[in-house]
Amino acid sequence: MTMIPFLFAPWRPAVSYFGSLRTIARTAVLAISFAIPIAAPAKAAEQYFPLQSYRVGPYAAGGTGFFGGFIDYLNLVNIRDGGVNGVKLTWDECETQYEVERGVECYERQKSHPAIAAWNPLSVGIAYAMIDRIAQDKTPLITINHGRTDSTDGRVFPYVFPLLLNPYSETSGIINYIAGKEGGLDKLRGKKIVVLYHGSPYGKETIPIYELLAQKYGFTVSQIEVPHPGNEQQAQWLTIRREKPDFVVLRGWGVMNPVALKTAQKTGFPVDHIVGNVWSNSEEDVIPAGSAAKGYVAITTQASGAEYPVLQEIIKTVYGAGKGNLDDKKRIGSVYHNLGIVNGILNVEAIRIAQEKFGHRTLTGDEVRWGFEHLRLDEVRVAALGAKGLFHSINVTWDNHEGDGRVTFQQWDGAKWKVVSDWISPDWALLRPIIEKSAAAYAAEHGITPRTAADAETASR
Amino acid sequence: MLDFDYSFLAEVLVGGLLSGVMYSLVAIGFVLIYKTSGVLNFAQGAMLLFAALTFVSLVERGAPFALALLITFAIMVALGMAIERVVLRPLVNKPPITLFMATLGLSYVIEGAAQLAWGTQVHGLDLGIDDTPFEVAGILISKFDLFAAAVAATMVAFLTAFFRYTRIGLAFRAVADDQFAAFAVGLKLPRIWATVWAAAGAVALVAGLLWGARLGVQFSLSLVVLKALPVLVLGGFDSILGAIVAGLLIGATEKLAEVYIGPFFGGGIESWFAYLVALAFLLVRPAGLFGQKIVERA
């Protein structure tokens with residue numbers, strides 16, 4: 001005897017239920033009966049993703065791309081493979097508009113759904129608000145390319161995974177790239193770098209690391225804040241013009257990015273000496289800037305473009321079946337879409353790895369956490385997944401939740417991004433003690449006893 | 001003080017003044033509505049977004065520039081009139097806070113409708129005016145900023161002439177002075193309000209295109225109202241000249257503050273500094289620089 005799952009989950013799109021009067025009548029009959037326990041056929045095994053997406057509001061362009069790519073990949077696995085070892089992937093979307101309170105509201109609504117694999121809110125604010133909650137639920141929280149840097153330390157943050165790139169690694173990667181342009185790390189001595197950052201906790205997160213790297217390599221750094229949302233930057237760029245830096249690092253978000261590029265042009269700063277961070281690297285950041293963005297370089301963990309086999313499969317299998325998630329097909333292969341696809345690959349592979357240990361069945365959140373902590377995709381495996389060149393590799397362990405992701409740099413040619421560097425490694429050895437110190441402080445503040453490797457090997461069912 | 005860089009000071013000042021012109025463009029839309037109906041139209045930013053998004057979407061669908069402009073103009077006029085007819089006319093004689101809340105709600109409806117109709121993608125907007133700088137006495141000046149200043153000057157000249165020399169303009173002024181007296185002498189208030197809302201729609205189109213060319217056409221366009229609010233407080237809610245002068249003052253003050261005072265506070269002060277100036281001014285002169293001082297008998 002099972003209960004029919006509640007029918008009117010408020011986050012489900014109502015359109016699909018209420019197509020016609022007949023549907024309404026049928027729905028009404030079902031609604032009357034839904035509280036009555038009845039015999040139902042055994043449900044196929046499923047693994048569920050609660051998606052706190054944002055498809056309207058100021059950041060909808062990023063949200064539609066990322067969640068579109070994520071859903072496209074989940075659909076590919078379902079259509080092509082019938083799920084992960086027969087376990088169907090399911091999901092629901094709940095609109096957050098990128099607002100923290102709505103994100104938490106979505107969490108409260110969606111958390112009661114059985115078989116949750118992992119949370120993927122793609123929002124620093126929402127992720128921060130969920131850290132304590134998901135630790136209690138024992139369900140992974142994925143913050144690909146963003147989130148708390150110290151959550152890299154899996155001893156203190158067992159359920160948080162800033163996969164591929166945390167903010168400190170991004171900083172190191174950018175400095176290593178600039179060093180490469182100048183002829184080596186020793187050539188940074190005496191150079192001047194300005195960091196133009198978004199006036200928010202996200203923007204300020206890397207301030208101490210730029211200071212640290214400036215001391216280590218002998219360059220001077222000047223960090224200038226742009227107040228949110230960043231739609232006016234005349235004063236900041238005039239200050240930059242006066243300082244005459246060798247490079248400007250753009251640590252922006254949303255409208256701040258095109259305005260920075262346009263104001264740089266207006267104040268005569270060369271665009272090819274501006275290096276964007278990972279949230280300043282999308283088409284949405286450069287297209288509004290028009291010709292001012294031509295030559296701009298930005299860091300990324302995943303290449304853009306649709307030439308990769310996994311993208312081709314998605315186009316053929318998912319979009320061919322009319323199940324593609326992007327309304328505008330021209331966005332297939334864009335930065336956010338590809339980030340969503342890579343995020344899909346990492347989530348699905350974590351489930352697959354965990355299934356090999358715990359069985360080909362629906363897993364608990366804690367079992368999926370174990371899967372993430374053994375997410376080792378070398379270049380061979382990445383190629384087998386059809387993603388060679390799309391991203392490099394990942395090597396997550398129980399205490400390193402970032403997974404040593406490599407970065408590359410892309411340059412906007414006025415129409416598309418072109419990769420202009422090899423895959424670059426951040427200076428993990430330098431950053432790790434700082435991360436551990438910060439995580440230890442968090443643990444002390446919150447009364448957390450750090451896990452051991454043995455603790456991490458067990459997973460509750 | 002020997003080392004003080006005066007040419008840099010001049011550059012910051014000129015840049016601030018030109019930025020201020022862009023704020024004034026948004027503020028004028030508020031003034032038009034407030035002047036004639038006493039409503040602080042919080043939906044002006046959403047109207048600006050709607051105008052720019054409609055225009056750029058039409059252009060991207062193959063409409064020639066002039067045709068897209070004409071169609072968008074017609075849509076904005078229709079939108080302005082529809083707002084007056086459907087939302088505000090039924091609320092006539094209600095307290096100002098009710099009308100303000102209605103426009104606040106309206107801003108969300110328009111933002112949602114704009115995204116529903118035209119999608120959520122970010123668009124570039126090229127008006128054919130280069131945003132590259134040229135140098136005058138060591139100071140860089142943007143061609144686009146000068147173009148925006150010229151547009152603002154033309155708009156102010158046009159509106160001033162309209163209010164002073166046309167029959168309907170005089171009717172606007174009569175309504176602005178005293179709605180009840182204007183009604184008593186036979187002026188048709190609903191028609192005047194509809195016309196002024198249509199005019200505000202047209203102003204939103206101009207401001208939307210200029211801001212859209214600067215920021216890209218995206219949701220954040222609706223946030224430019226936040227730049228206009230201190231301008232309105234400083235200049236007075238019912239003075240077009242006030243909107244221009246206050247825009248220049250706010251633009252210059254916030255840029256100078258950011259560059260010269262900002263470093264003492266860790267930077268990023270310009271957004272709240274503009275409000276600080278407006279607030280301080282409010283305490284001294286509540287009606288703003290050019291706002292009408294209302295004297296009421298007890």
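Scroll up to find the structure this text is about.
Source: prediction; values computed, not measured.

All names here are of chain A. For the structure shown, the criterion picks out one disulfide over all chains. Across the disulfide, Cys94 is cross-linked to Cys106 (sulfur-sulfur distance 2.1 Å). Between Cys94 and Cys106 the disulfide shows an S-S torsion of about -75°. By sign, it is left-handed. Taken as a pair, Cys94 in strand 2 (residues 88–95) and Cys106 in helix 3 (residues 100–110) lie far apart in primary sequence, twelve residues in all. Classification of Cys94 as buried rests on a relative accessible area of 3%. Overall, Cys106 belongs to the buried group, its relative accessible area being 1%.

A few words on a nonpolar patch on the surface. Together, Leu67, Leu70, Ile71 and Ile75 of chain B line one region of the surface with nonpolar side chains, adding up to about 320 Å² of accessible area. With respect to the secondary-structure elements, Leu70 of chain B resides in helix 3 (residues 65–88).

It is worth spelling out the packing of helix 3 of chain B against helix 8 (residues 189–215) of chain B at this point. Residue and element names in this part refer to chain B. Between helix 3 and helix 8, the shortest axis-to-axis distance is 8 Å and the interhelical angle comes to 135°. The angle between helix 3 and helix 8 falls in the class oblique. You can see that helix 3 and helix 8 cross each other, and the crossing is right-handed. Judged by residue contacts, Leu69, Thr72, Phe73, Met76, Val77, Gly80, Met81, Ile83, Glu84 and Leu88 of helix 3 engage Pro190, Trp193, Ala194, Trp197, Ala198, Gly201, Ala202, Ala204, Leu205 and Leu209 from helix 8. Within the contact of helix 3 with helix 8, the residues separate by chemical class into 16 nonpolar, three polar and one charged.

Residues and elements named next belong to chain B. For helix 8, spanning 27 residues, the distance from its first C-alpha to its last is 37 Å, which sits close to the expected 39 Å at 1.5 Å a residue. A large share of helix 8 lies buried, amounting to 22 of its 27 residues. Just beyond helix 8, the residue with positive phi is Gly216, at close to 90°.

All names here are of chain A. Every second residue of strand 9 (residues 297–300) is oriented toward a common face, with Val297 and Ile299 on one face and Ala298 and Thr300 on the other, all of them buried. Two elements, strand 8 (residues 274–276) and strand 9, share two bridges in a ladder whose sense is parallel. Directly across from Val275, in strand 9, lies its bridge partner Val297. Of the strand pairs in this sheet, strand 9 and strand 12 (residues 408–412) are connected by four bridges, and their pairing is antiparallel. The residue of strand 12 that forms the bridge with Thr300 is Thr408.

We now examine unusual backbone geometry. Residues and elements named next belong to chain A. Between His228 and Pro229 the backbone carries a cis peptide bond, its omega angle lying at 0°. Relative to the assigned elements, Pro229 resides in the loop between strand 6 (220–226) and helix 8 (234–243). Even without glycine at this site, Tyr98 takes up a positive phi of about 70°. Considering the arrangement of structural elements, one finds Tyr98 in the loop between strand 2 and helix 3. Even without glycine at this site, Asn145 takes up a positive phi of about 65°. Note on placement: Asn145 falls in the loop between strand 3 (141–142) and strand 4 (160–161). With a relative accessible area of 4%, Asn145 lands in the buried category.

Moving on to the pairing of strand 5 (residues 192–198) of chain A. Residue and element names in this part refer to chain A. Of all seven residues in strand 5, six are buried, a share of seventy percent or more. In terms of strand pairing, strand 5 meets strand 6 through seven bridges, oriented parallel. Considered in strand 6, the bridge of Lys192 is made with Thr220. In terms of strand pairing, strand 5 meets strand 7 (residues 247–251) through five bridges, oriented parallel. Bridging from a neighbouring strand, Tyr197 pairs with Arg251 of strand 7.

As a further point, take the packing of aromatic side chains. Residue and element names in this part refer to chain B. On inspection of all chains with the given rule, the structure shows 32 aromatic pairs over all chains. Aromatic pair Phe144 and Phe147: ring centres 6.5 Å apart, planes at 50°, arrangement tilted. Pair noted here: Phe144 and Phe147 are both in helix 5 (residues 143–165), with a separation of three residues, about one helical turn. A cation over an aromatic ring shows up here: Lys35 above the ring of Phe163, its NZ or CZ 5.6 Å from the ring centre.

Let us now look at the nonpolar core. In this structure, Tyr73, Ile144 and Leu346 of chain A are the most contacted members of the largest nonpolar core, which totals 87 residues. Of the residues forming this core, the biggest block, eleven residues, is contributed by helix 12 (residues 335–358) of chain A. Shared between two domains, this core takes at least three residues from each, and those domains are domain 2 (46–165 + 305–395 + 438–457) and domain 3 (168–300 + 407–425) of chain A. In this structure Tyr73 of chain A touches Val310, Ile314, Ile341, Gly344, Ile345, Val348, Glu349 and Leu385 of chain A, once residues within four positions along its chain are discounted. The next biggest cluster of nonpolar side chains, apart from the first, holds 84 residues, and it includes Val259 of chain A together with Ala51, Ala114 and Phe163 of chain B.

In this assembly, 32 residues from chain A lie in contact with 39 residues from chain B. Both sides of the chain A and chain B interface together cover about 3000 Å² of buried area, and 57% of this is carbon and sulfur. Of all residues in chain A, Asn231, Glu232 and Lys266 of chain A bury the most surface against chain B, accounting for 21% of the area lost on that side. Our enumeration of links across chain A and chain B arrives at three salt bridges. Between Glu11 of chain B and Arg241 of chain A there is a salt bridge, and its shortest N-O distance comes to 2.7 Å. Run the count over chain A and chain B and you get nine residue pairs in polar contact (both at pLDDT 80 or more). Elements represented by at least two residues in the side of chain A that touches chain B include exactly helix 2 (60–81), helix 8 and helix 9 (256–266) of chain A. Looking at the side of chain A that touches chain B, the element that brings in the most residues is helix 8 of chain A, giving seven residues. Tallied by class, residues from the side of chain A that touches chain B come to 14 nonpolar, nine polar and nine charged.

Tallied over the full model, the rule gives 33 salt bridges over all chains. Ionic pairing is found between Lys187 of chain A and Asp186 of chain A, a salt bridge with its closest N-O pair at 3.5 Å. Ionic pairing is found between Lys255 of chain B and Glu270 of chain B, a salt bridge with its closest N-O pair at 2.7 Å. Of this pair, Lys255 of chain B sits in helix 10 (residues 240–261) while Glu270 of chain B sits in helix 11 (residues 270–284), placing them 15 residues apart in sequence. Judged by its relative accessible area of 1%, Glu270 of chain B is buried. One continuous salt-bridge network, built from bridges that share partners, spans Glu232 of chain A together with Lys227, Glu254, Lys255 and Glu270 of chain B.

Let us look at the environment of Glu373 of chain A. All names here are of chain A. Examined against the element boundaries, Glu373 turns out to sit in the loop between helix 13 (365–372) and strand 10 (376–377). Sequence separation of Glu373 and Val255 is 118 residues, and the distance between their C-alpha atoms is 36 Å. When near neighbours in sequence (up to four residues on either side) are disregarded, Glu373 contacts Pro158, Phe161, Val396, Thr397, Trp398, His401, Arg451 and Ala456. Looking at Glu373, its side chain comes within polar contact range of the side chain of His401, at 2.7 Å. A distance of 2.5 Å separates a polar atom in the side chain of Glu373 from a polar atom in the side chain of Arg451.

Scoring rules and cut-offs
Residues numbered from 1 in each chain as written. Chains lettered and ligands numbered in written order. Predicted model: local features only at pLDDT ≥ 70, side-chain atom pairs only at ≥ 80, totals over all residues. Heavy atoms only, no water. Disulfide = S-S within 2.5 Å. Helix = DSSP H or I, 4+ residues; strand = E, 2+ residues; numbered from the N terminus. Buried < 20%, exposed > 50% of the residue type's maximum accessible area, 1.4 Å probe, protein only. Patch = residues over 30% accessible without salt bridge, like charges linked within 9 Å, V, L, I, M, F, W, Y side chains within 5 Å. Areas by Shrake-Rupley, 256 points an atom, 1.4 Å probe, with all protein chains shown as cover. Salt bridge = Lys/Arg side-chain N within 4 Å of Asp/Glu carboxyl O. Axes fitted to C-alpha atoms, helices over the stretch in contact; angles between N-to-C directions. Parallel < 35°, antiparallel > 145°, perpendicular 65-115°, else oblique. Left-handed = near helix turned anticlockwise from the far one by under 90°. Contact = heavy atoms within 4.5 Å. Nonpolar A, V, L, I, M, F, W, Y, C, P; charged D, E, K, R; others polar. Expected span 1.5 Å × (residues − 1). Pairing = 2+ DSSP bridges. Phe/Tyr/Trp six-rings, centres within 6.5 Å; stacked < 30°, edge-to-face > 60°. Lys NZ or Arg CZ within 6 Å of the ring centre and 35° of its normal. Core = buried A, V, L, I, M, F, W, Y, C linked by side-chain atoms within 4.5 Å. Domains from an automatic or database assignment. Buried area = accessible area lost by both parts, 1.4 Å probe. Polar contact = N/O pair within 3.5 Å; in protein donor to acceptor, adjacent residues only side chain to side chain.

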